[in-house]
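The residues making up each chain are set out below.
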Amino acid sequence: IVSLSINLTLFGVAVVYLLLASENLHQLVKNAGKDISFCIWILIIAAVLCPPSMLGTPSDMWLVAVGAIVSTSAACIIIVANAVMDSADAPPAHHPPLDAINSFMAFGTICFAFGGHPIFLTLQADMKEPQKLGKALIFSYIILLVMYLPVAISGYVVYGDNAKDNILLNLSEGPMQYIVEILITLHLFFGFAIVVNPVCQEVEELVGIPTHFTYKRAISRSLLLVMVLFVAESIPQFGAILSLIGGSTSTLLAFIFPPVFYFKLCSMKGNWEQITPPLLQKVSCLGIMLAGLVAGVAATYAAVDVLATSSFSTPCYVDFR
């Protein structure tokens, strides 16, 4: 179940990255006066992402990770600055009352945004000092908060309910918007290779493909990329997919499984110091599991409802435009 959840999550993230990168480039080129079909951009970006997806393990991608964090940090600063500038001429933002569907969709999106759990162990396996994973994660989440909060707050205050799934579409046209679109697209290019890598490794291990580069790796990863491309062309929208992943598999990996496995490890007997969780810790873990279960089921239902009704988009291969 865990393996399936991890692979579905990372596969879904790869689809979202492909769609978002395609949307950004579609908008960027459209602003330059050339309107190339969004569906064609999906094909182009998939082809561009094929070579970096052939890299072996995250240990081969440290430069990719650095590029992702630098491009995202710069983009977040420019997004906030652009939103502040837009606030001078923008009409007053309208904030409708909360409703259940949007609240649970937001929960799924937030789980997606902070749901790096599927690749933590893959990263730890390639760390020079794997015992420092905890410190690395704390530092990483602090960085995420520093980047996410200003963007979310400025988008809420300036654009209100006009804010789109892709906040870049709300920014006023000009050099700042173009720079941000390029930076975020670079991040997506870098990030795609990282998130799809654990799925590729597991598939290759299951079918007995060597860990060094061979034609078998090229074939298996190309086929996986074709599957990502097919899903992206079938559901050419990323907002609801993002919430669906966050509310289902990400919730399992972040809220449900960790406490379950912690209790299981504490109950095991062996030649080590026995750990007995105190009552407060037990209650806290059970509370986390219950909250994750309720919110996850609701978020998944809300995302499926949106995909099936209001946000349904015709697949690209049916209406290629």
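Each residue is numbered by its place in its chain's sequence as written, counting from 1. Per-residue local features of the predicted model are confined to residues with pLDDT of at least 70, and side-chain atom pairs are confined, for both listing and counting, to 80 or more; whole-chain, interface and lining totals are unaffected and use all residues. To get the side-chain values, take all heavy atoms of the structure and skip hydrogens and water.

In the nomenclature of an unreviewed UniProt entry, the chain is known as Amino acid transporter transmembrane domain-containing protein of Elysia chlorotica. UniProt positions are given in the numbering used here, feature names are shortened, and annotations may be inferred rather than shown by experiment. Listed under Subcellular location (unreviewed entry) in UniProt, the entry text for the chain is "Membrane".

Describing the overall build of the chain
The helix and strand inventory of the chain stands at eleven helices and zero strands. Relative to its length of 321 residues, the chain is compact, with a C-alpha radius of gyration of 21 Å against a globular reference of 20 Å. The C-alpha extent of the chain, read off along each of the three principal axes, is 70 × 55 × 35 Å. Long-range pairs, those at least 24 residues apart, make up 83% of the contacts in the chain between residues at least 6 apart in sequence. Carbon and sulfur atoms make up 72% of the accessible area of the chain, which totals about 17,400 Å². Residues counted as positive are Lys and Arg, residues counted as negative are Asp and Glu, and His and the chain ends are not counted. Here the site of a charge means NZ on Lys, CZ on Arg, CG on Asp, or CD on Glu. Across the chain, the centroid of the 13 positively charged side chains sits 12 Å from that of the 19 negatively charged ones. To qualify as a helix, a DSSP run of H or I must reach at least 4 residues; to qualify as a strand, a run of E must reach at least 2; elements of each kind are numbered from the N terminus. What the globule rule says is 2.2 Å times the number of residues to the power 0.38, and the radius of gyration is computed from C-alpha atoms. What makes two residues a contact is simply this: any of their non-hydrogen atoms within 4.5 Å. Every accessible area reported is derived by Shrake-Rupley at a probe size of 1.4 Å, with residue values counting cover from the shown protein chains alone.

Some words on the nonpolar core
Among the buried residues, those of types Ala, Val, Leu, Ile, Met, Phe, Trp, Tyr and Cys that are joined through side-chain atoms within 4.5 Å form a nonpolar core. Burial classes follow relative accessibility: with a 1.4 Å probe on protein chains only, a residue under 20% of its type's maximum area counts as buried, one over 50% as exposed, and anything between as partly exposed. The biggest cluster of nonpolar side chains holds 53 residues, and the ones touching the most others in it are L18, V180 and F192. If you list the elements that add at least two residues to this core, you get α1 (2-31), α2 (38-49), α3 (62-86), α6 (133-159), α7 (175-207), α8 (215-234) and α9 (239-247). Looking at this core, the element that brings in the most residues is α1, giving 14 residues. Beyond its immediate stretch of four places on either side in the chain, L18 contacts I42, I45, A46, L49, V228, L229 and A232.

A word on the UniProt feature "transmembrane region" (unreviewed entry) in the chain
Per the UniProt record, "transmembrane region" (unreviewed entry) is annotated on residues 31-50, 62-84, 104-124, 136-158, 178-197, 218-235, 241-263 and 283-304. Counted over residues 31-50, helix gives 65% and strand 0%. Its end C-alpha atoms are 27 Å apart.

A look at the packing of aromatic side chains
Think of a pair of aromatic rings as described by two things: how far the centres are apart, and how the planes are tilted against each other in angle. Aromatic pairs are defined between Phe, Tyr and Trp rings, using the six-membered ring for Trp, whenever the two ring centres lie within 6.5 Å; interplanar angles under 30 degrees are classed as stacked, those over 60 as edge-to-face, and all others as tilted. Taken as a whole and assessed by the stated rule, the structure comprises six aromatic pairs. When the ring of F114 is compared with that of Y141, the centres are 6.1 Å apart and the planes differ by 25°; the resulting orientation is stacked. With F114 in helix α4 (residues 100-114) and Y141 in helix α6, the pair connects residues that are 27 residues apart, well separated along the chain. Look at Y141 and you get partly exposed, because its relative accessible area is 24%. Between the aromatic rings of Y262 and F263, the centroid separation amounts to 6.2 Å while the plane-to-plane angle is 45°, which identifies the pairing as tilted. Joined through ring pairs, the aromatic side chains of F114, F120, Y141 and Y148 make up one cluster.

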